Amino acid sequence: MAILNLPDSILQSLSSVLTQLQQVLPAPKQPTDFSAIAFRWENQQLVAVQQPKKMYLEDLKGIERQKDKIIQNTLQFLNGFPANDILLTGSRGTGKSSIVRALLTEYSAQGLRLIEIERDDLSDLPKIQKLIEHRPEKFIVYCDDLAFNAEDENYRSLKSVLDGSLQSGSSNFIIYATSNRRHLLPEFMHENTPVRKVDVPQYTELHPQEAIEEKISLSDRFGMWLSFYPMDQQLYLEIVEHYITKAGLEYNHTVRGESLKWCQARGQRSGRAAYQFSKHWIGSQNLEKLSNKTNQ
């Protein structure tokens, strides 16, 4: 009742302060909507992704060996058999992230779920495990573009998680990560020189070979490595043809020539570039048909 008797100026000031606090303070945590098939880890909670982008395993060309291995590992996981954490490494645009998302499209009906997590939040993995430990679904915790710089100590928390303490006793949790670096950390020329110096300045590594072992030990925690390689022109064109014909359009010399111009302008010949060109071409052709129909 005393608040009602306050002057309007004070009430307005209090209202302004409360508004500012609401903007600064984190939003109240909401119960996780486990009816979704995909999630993001944000602000210490699982946020449901209601309409995740669909990718299809049949659309991923030129990586049959990688697909076979990751599908087998995922089926082992879904059926409650031992399965490995996987590190997918290689050139950009070669299908590393697409293959993980395609697994969700293929196996969500069998209970597979996907949780995307940023590199800087990897220390929260035990919290995620706690949230899902009694769920019947099977969760792939997925970290895209995983890499650390030479001074980053966050990789130690990931290494401890991959050591097995997290996976022991957890049958519904597995880690898939992608990276452009096979060992996740930068390598330098001096690290490959098998020379040990003892009369060196204060901040020089005495035994560089030990530093190398420390870095390699992180990627070694992943039970399976899958490598992805740059594609040649023929494979690039095969992917373009696949998407064009799937959309019900004709693949001809014009499409071939335009697709080659596209990848040259982008500076990369990859599955991603082929997919992006295909979207451009299919969209432009449909737009032209609509325009012609409207003008008739």
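The model shown is predicted, which means the values in this text are computed figures rather than measured ones.

J.: Tell me about the packing of aromatic side chains, and name the residues and values.
T.: Considering all chains together, one arrives at six aromatic pairs under this definition. Ring centres of Tyr243 and Tyr275 lie 5.2 Å apart, and the angle between their planes is 55°; this geometry places the pair in the tilted category. Here Tyr243 is found in helix α7 (residues 233-246), whereas its partner Tyr275 is found in helix α9 (residues 271-295), with 32 residues between them in sequence. Overall, the relative accessible area of 22% leaves Tyr275 in the partly exposed class. Both rings, one in Phe277 and one in Trp281, keep their centres 6.0 Å apart while their planes meet at 25°; by these two values the pair is stacked. Taken together, the residues span about one helical turn, with Phe277 and Trp281 both in helix α9 at a distance of four residues.

J.: Give me the lowdown on the nonpolar core, citing residues and values where you can.
T.: Membership of the largest hydrophobic core comes to 27 residues, with the highest contact counts inside it found for Ile70, Leu88, Ile99, Leu103, Ile140 and Tyr176. The greatest single-element share of this core, amounting to six residues, is contributed by helix α3 (residues 96-107). The residues touching Ile140, leaving out its near neighbours within four places in the chain, are Phe77, Leu103, Leu112, Arg113, Leu114, Ile115, Ile174 and Tyr176. Core analysis: the second largest hydrophobic core is formed by 22 residues, Leu125, Ile128, Leu146 and Ala177 among them.

J.: Could you give me a rundown of the packing of α7 against α9, with the residues and numbers involved?
T.: Two elements in contact, α7 and α9, have axes whose closest approach is 9 Å; the angle formed by their N-to-C orientations is 35°. As for the relative orientation of α7 and α9, their crossing is right-handed in sense. In contact with Tyr236, Ile239, Val240, Tyr243 and Ile244 of α7, α9 contributes Gly271, Ala273, Ala274, Tyr275, Phe277, Ser278, Trp281 and Ile282. Taken together, the residues of the contact of α7 with α9 sort by class into 11 nonpolar, two polar and no charged.

J.: With reference to specific residues and values, describe the sheet that holds strand β7 (residues 224-228).
T.: Spatially, the seven strands line up as an open sheet ordered β2-β1-β4-β5-β6-β3-β7, and their pairing is mixed. A strand with exactly one partner marks an edge of an open sheet, and here the two such strands are β2 (45-49) and β7. Within this sheet the neighbouring strands show an average axis-to-axis angle of 25°, counted without direction. The pairing of strand β4 (residues 112-116) with strand β5 (residues 138-143) spans five bridges and is classified as parallel. Considered in β5, the bridge of Leu114 is made with Ile140. Against the sheet, helix α2 (residues 64-78) engages β3 (86-90), β4, β5, β6 (173-179) and β7, with an angle of about 150° to β7.

About the cut-offs
Residues numbered from 1 in each chain as written. Predicted model: local features only at pLDDT ≥ 70, side-chain atom pairs only at ≥ 80, totals over all residues. Heavy atoms only, no water. Phe/Tyr/Trp six-rings, centres within 6.5 Å; stacked < 30°, edge-to-face > 60°. Helix = DSSP H or I, 4+ residues; strand = E, 2+ residues; numbered from the N terminus. Buried < 20%, exposed > 50% of the residue type's maximum accessible area, 1.4 Å probe, protein only. Core = buried A, V, L, I, M, F, W, Y, C linked by side-chain atoms within 4.5 Å. Contact = heavy atoms within 4.5 Å. Axes fitted to C-alpha atoms, helices over the stretch in contact; angles between N-to-C directions. Left-handed = near helix turned anticlockwise from the far one by under 90°. Nonpolar A, V, L, I, M, F, W, Y, C, P; charged D, E, K, R; others polar. Pairing = 2+ DSSP bridges.

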